[in-house]
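Now for the letters of each chain:
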Amino acid sequence: MSNNAYSPFLFFQDGGEQLAEIDAVISCWPDRGLTGRRKIYTNKKRITEIVNYIGQHYQDDLCIQDIANHFSISNNHLSKLFKENLNITVKTYLTSVRIKYVKKDLLETDLPLIDIAISNGFPNLKSLNREMEKACNMTASKYRKTVKKVKNMWNNRKWHKFG
């Protein structure tokens with residue numbers, strides 16, 4: 001696996017699990033007194049809002065500037081919030097959300113790859129394949145073929161009785 005940071009947020013199902021993941025990260029922070037706790041609560045609330053926003057808008061042509069503008073903060077502040085609190089960049093998180101849904105579409109649909117790319121926020125197939133290579137060490141089409149092959153093998157397995 002490559003050294004990217006896809007894994008911490010790859011399998012969110014809903015906002016409750018996102019909040020639980022954020023709680024887990026934040027609970028590891030050292031106690032910084034009352035002022036520190038207030039800052040932690042504010043950061044947790046802001047990060048949760050940003051994560052939820054990304055989850056709702058990942059399909060859009062979304063960039064760091066758009067997210068920062070939506071929350072009336074600077075690009076630098078947004079990047080610092082993510083890096084300090086979640087140990088991941090905004091771009092990496094956004095890409096991981098998009099890849100998660102691409103994988104779901106590759107497995108569950110027969111849509112053309114370009115349609116999957118565009119419907120999940122990638123501008124073109126080349127961009128999708130570049131990110132799939134980083135995340136999975138294979139292109140979208142190879143991922144689809146591999147997963148479907150494994151799924152077929154699993155569905156056609158023969159059970160053997162032992163004993």
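None of these values were measured; they are calculated from a predicted model.

## Re the environment of Asp61
- Its location among the elements puts Asp61 in the loop between α2 (33–57) and α3 (64–70).
- For Asp61, a relative accessible area of 74% puts it in the exposed group.
- Counting along the chain gives 62 residues from Asp61 to Pro123, while the straight-line C-alpha distance between them is 7.8 Å.

## Concerning the confidence of the model for the chain
- Put simply, the chain has an average pLDDT of 80, and 71% of its residues get 70 or more.
- Taking the mean pLDDT of every element in the chain, the minimum, 50, falls on helix α1 (residues 15–27) and the maximum, 98, on helix α6 (residues 113–119).
- Within the model, the stretch residues 1–16 combines pLDDT values under 50 with 32 contacts to residues more than four positions away or in other chains.
- Here residues 26–36 is a poorly scored stretch, pLDDT under 50, and it has 8 contacts once near neighbours within four places are set aside; other chains count.

## As for the nonpolar core
- Within the largest apolar cluster, 20 residues are counted, with the highest numbers of intra-cluster contacts made by Ile50, Ile54, Ile67, Ile73, Leu78, Phe82 and Tyr93.
- Mapped by element, the contributors of at least two residues to this core are α2, α3, α4 (75–86) and α5 (90–108).
- Discounting chain neighbours no more than four positions away, the residues touching Ile54 are Leu62, Ile67, Phe82, Val90, Tyr93, Leu94 and Val97.
- In this structure, Ile99, Leu106, Ile116 and Ala117 belong to the second largest nonpolar core, which totals 15 residues.

## A short note on the packing of α5 against helix α7 (residues 125–136)
- Where α5 contacts α7, the two axes come as close as 10 Å, and the packing angle between them is 95 degrees. With respect to their mutual orientation, α5 and α7 come out roughly perpendicular. On the side of α5, the interface is formed by Lys91, Thr95, Ile99, Val102, Lys103 and Leu106, while α7 contributes Leu128, Glu131, Met132, Ala135 and Cys136.
- In terms of residue class, the contact of α5 with α7 is built from 7 nonpolar, 1 polar and 3 charged.

## Description of unusual backbone geometry
- If you check the backbone angles, Asn87 has positive phi at about 55 degrees while not being a glycine.
- The topology assignment puts Asn87 in the loop between α4 and α5.
- Residue Asn137 is not a glycine yet carries a positive backbone phi of 60 degrees.
- You can see Asn137 is positioned in the loop between α7 and α8 (140–155).

Conventions adopted
Residues numbered from 1 in each chain as written. Predicted model: local features only at pLDDT ≥ 70, side-chain atom pairs only at ≥ 80, totals over all residues. Heavy atoms only, no water. Helix = DSSP H or I, 4+ residues; strand = E, 2+ residues; numbered from the N terminus. Buried < 20%, exposed > 50% of the residue type's maximum accessible area, 1.4 Å probe, protein only. pLDDT = per-residue confidence, 0-100. Contact = heavy atoms within 4.5 Å. Core = buried A, V, L, I, M, F, W, Y, C linked by side-chain atoms within 4.5 Å. Axes fitted to C-alpha atoms, helices over the stretch in contact; angles between N-to-C directions. Parallel < 35°, antiparallel > 145°, perpendicular 65-115°, else oblique. Nonpolar A, V, L, I, M, F, W, Y, C, P; charged D, E, K, R; others polar.

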